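Observations on chain architecture
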Amino acid sequence: MESPARSWREYPQRYRLEAAKCTKCGKVLYPPRVVCPACHGREFETVTLPRDGHVVAPTVVRVPPTGFEEETPLPIAVVELSNGVRLMVQVADMADPMELKIGDPVHLEFRKIQQDGEAGLLFYGHKAVRD
Amino acid sequence: MSVGIVGYGSYIPRRRIKLEEIAKVWGADAPSFKRGLQLHEKSVPGKDEDTITMAVEAGRRALIRSGGIDPATIGAMYIGSESHPYAVKPSGTVVAEALGITPQAHVGDLEFACKAGTESMYLAHSLVKAGEVRYAFGIGADTSQGAPGNALEYSTAAGAAAFIFGSDPERMLAEVVETYSWTTDTPDFWRRSYMHYPRHGSRYTGEPAYFRHVMNSAKGILEKAGLKPEDLAFAVFHQPNGKFPLRVGKRLGFTMEQMEPGWLSPWLGNTYSGASPIGTTAVFDVARPGDLVLLTSFGSGAGSDSFIFRMTDRITEVQNLAPLTRMQLDNNKIYIDYGTYAKLRGKIRMGE
Ligand SMILES: [Zn+2]
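Within every chain, residues take consecutive numbers counted from 1 along the sequence as written. Note on labels: chains are lettered from A, ligands numbered from 1, in written order. In keeping with the predicted nature of the model, local features appear solely for residues at pLDDT of at least 70, side-chain atom pairs appear and are counted solely at 80 or more, and the whole-chain, interface and lining totals rest on all residues. Only hydrogens and water are set aside; all other atoms, that is, all heavy atoms of the structure, feed into the side-chain values.

1. Some remarks on the sheet that holds strand E2 (residues 28-29) of chain A
All names here are of chain A. Filter applied, for reference: Each pair of strands is called paired provided DSSP finds at least two bridges between the two strands. The numbering of helices and of strands both runs from the N terminus, where a helix is a DSSP run of H or I of at least 4 residues and a strand a run of E of at least 2.
Strand order in the open sheet formed by three strands is E2-E1-E3, and the pairing between neighbours is antiparallel. One side of each edge strand has no neighbouring strand; the edge strands of this open sheet are E2 and strand E3 (44-48). Two elements, strand E1 (residues 18-22) and E2, share two bridges in a ladder whose sense is antiparallel. Paired with Ala20 across the strands is Leu29, a residue of E2.

Have a look at this one:
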């Protein structure tokens with residue numbers, strides 16, 4: 001389980017989908033980084049990602065990592081948002097995970113991502129939901 | 001200065017369980033339950049949906065309908081629920097952080113059985129009216145639970161509604177005409193610390209609790225505002241099941257036409273702190289400029305908050321900017337069986 005401190009530092013990107021936009025070349029990085037991989041720029045402005053997009057690569061995890069035993073099979077997808085940014089997210093609300101297809105329109109919703117057992121912290125972030 | 005609602009939104013989970021599916025497991029007679037309580041199905045939260053997540057989504061929809069309020073200008077946010085995910089640690093901080101309201105804001109969690117949602121609205125409205133804050137969020141959200149096999153298991157459901165209060169005339173959707181509250185100490189329903197499920201005073205609960213408080217609160221606000229039932233376009237009451245709100249409304253002199261648009265419980269269940277607030281969002285979705293809307297909540301313990309709203313010209317411009325409440329109720333449903341329900345609701349103990 002990740003530490004409360006690391007999770008806390010990442011709240012802006014996890015809770016509000018804040019990304020870093022390179023002021024030199026305009027590339028949007030999510031999660032934000034220190035150096036732009038495209039132009040090696042080091043100056044960024046904060047932008048908020050759009051919450052709509054489509055599935056680029058769906059997959060179903062059948063051997064779950066610890067903490068996800070009750071959510072198996074677990075659908076996960078690479079989603080391309082409407083501004084072109086791609087991210088890997090869990091997909092929520094699938095009655096049948098195998099129905100998830102390339103090109104499916106999705107939007108990102110605020111969901112509980114993980115919980116540290118019965119007594120630990122709850123971790124929140126975004127998952128994709130089919131429109 | 002007139003104060004009112006400048007943005008509203010609701011969130012209903014997609015999962016549903018039919019009443020027959022619950023009755024089957026406990027050997028109960030589904031047709032008599034359906035007739036008696038006027039319930040058909042109820043919403044069920046996924047493993048990843050709770051009071052916090054539903055409040056965030058309802059809050060985002062309210063922000064969209066506000067026409068671009070900068071969240072940083074929202075000075076207060078209250079979230080009423082009897083199913084806050086943490087026993088100690090506020091839901092409100094997560095919700096406020098996710099909505100971008102932090103850090104300069106007064107944030108608090110409220111509890112008062114099923115009326116914590118309207119309590120949050122009451123405080124948000126009052127702070128704006130007092131001039132303490134420019135905008136304030138009032139949210140009601142719950143993922144309530146009934147003990148397996150208990151009558152409550154047929155109705156306890158999940159959902160959220162969020163309202164932004166403000167006073168700028170150009171953003172106003174619904175002006176608050178009047179507020180009124182009626183409260184007594186009535187032990188009709190309770191849950192002690194560390195207990196998973198609540199207890200209720202069984203048959204005792206109807207008359208002295210729900211009916212007495214809702215009747216007095218609704219009558220009180222109508223009298224205070226100098227209005228009669230026929231002056232209102234819509235009336236929304238707390239809906240612990242399908243039957244109670246219609247019965248109380250008829251006793252007060254309201255017609256089915258006034259109550260039907262906000263009467264969601266037969267297909268939604270009882271969303272506790274979300275119940276009458278979500279019903280109000282369904283009414284706002286179809287209301288026309290000039291319409292007067294009555295909202296009367298009920299919380300066991302016991303009390304009833306009432307509001308009368310007057311819809312402005314802007315309401316019809318914002319209705320379709322975010323998902324309509326009836327659309328969420330009627331579409332994209334995922335029906336689950338009792339086994340899945342028991343797993344999702346944590347009724348199965350996992351191995352250590
Ligand atoms: Zn760059």
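Next comes the rest of the description.
2. Section: the interface of chain A and chain B
Where we set the bar: A contact between two residues is defined here by any heavy atoms of the two lying within 4.5 Å. Put simply, buried area is how much 1.4 Å-probe accessible surface two parts lose in total, over both of them, once they are put together. The term salt bridge refers to a pairing of a side-chain nitrogen on Lys or Arg with a carboxyl oxygen on Asp or Glu at a separation within 4 Å. As used in this structure description, the phrase polar contact means that two N or O atoms lie within 3.5 Å; if the pair is within protein, one of them must be able to donate a hydrogen and the other to accept it, and residues adjacent in sequence are counted only when both atoms belong to side chains. Charged residues are taken to be Asp, Glu, Lys and Arg, nonpolar residues to be Ala, Val, Leu, Ile, Met, Phe, Trp, Tyr, Cys and Pro, and polar residues to be all remaining types, Gly included.
Each side of the interface is counted separately: chain A has 23 residues, and chain B has 23 residues. Both sides together, the interface formed by chain A and chain B hides about 2200 Å², and carbon and sulfur atoms give 51% of it. By the criterion of area lost to chain B, the three top residues of chain A are Glu70, Asp93 and Phe110 of chain A, representing 30% of everything that side buries. Taken together, the links from chain A to chain B amount to five salt bridges. In this structure, Asp48 of chain B and Lys127 of chain A form a salt bridge, with 2.8 Å as the shortest nitrogen-oxygen distance. Taken together, the links from chain A to chain B amount to 14 residue pairs in polar contact (both at pLDDT 80 or more). Only helix H2 (11-16), strand E7 (105-115) and strand E8 (122-130) of chain A provide two or more residues apiece to the side of chain A that touches chain B. Its residues placed into classes, the side of chain A that touches chain B shows nine nonpolar, three polar and 11 charged.

3. Focus on the packing of aromatic side chains
All names here are of chain B. This is how the line gets drawn: Only the six-membered ring of Trp is used, alongside the rings of Phe and Tyr, when aromatic pairs are assigned; centres must lie within 6.5 Å, and planes under 30 degrees apart are stacked while those over 60 apart are edge-to-face, with the rest tilted. Burial here depends on accessible area, computed with a 1.4 Å probe over protein chains only, as a share of the maximum for the residue type. Under 20% is buried, over 50% is exposed, and the range in between is partly exposed.
This structure, assessed with the given rule, holds 16 aromatic pairs over all chains. Taken together, a centroid distance of 5.9 Å and an interplanar angle of 70 degrees make the contact between Tyr122 and Phe307 edge-to-face. Taken together, the positions of Tyr122 in helix H5 (residues 116-129) and Phe307 in strand E13 (residues 301-311) put the pair 185 residues apart, joining distant regions of the chain. Judged by its relative accessible area of 24%, Tyr122 falls in the partly exposed class. Given a relative accessible area of 0%, Phe307 falls into the buried group. Ring centres 5.6 Å apart and planes at 5 degrees place the aromatic pair Phe307 and Phe309 in the stacked group.

4. Overview of unusual backbone geometry
Only a minority of non-glycine residues have a phi that is not negative, and only a minority of peptide bonds are not trans. Put simply, Thr72 of chain A and Pro73 of chain A share a cis peptide bond, and its omega is -5 degrees. When you line up the elements, Pro73 of chain A lands in the loop between strand E4 (52-61) and strand E5 (74-81). Pro103 of chain B follows Thr102 of chain B through a cis peptide bond whose omega is 0 degrees. By the secondary structure assignment, Pro103 of chain B is in the loop between helix H4 (91-99) and strand E5 (106-110). A positive phi angle is found at His40 of chain A, which is not glycine, with a value near 65 degrees. Secondary-structure assignment places His40 of chain A in the loop between E2 and E3. Judged by its relative accessible area of 58%, His40 of chain A is exposed. Non-glycine residue Asn332 of chain B carries a positive phi angle of around 55 degrees.

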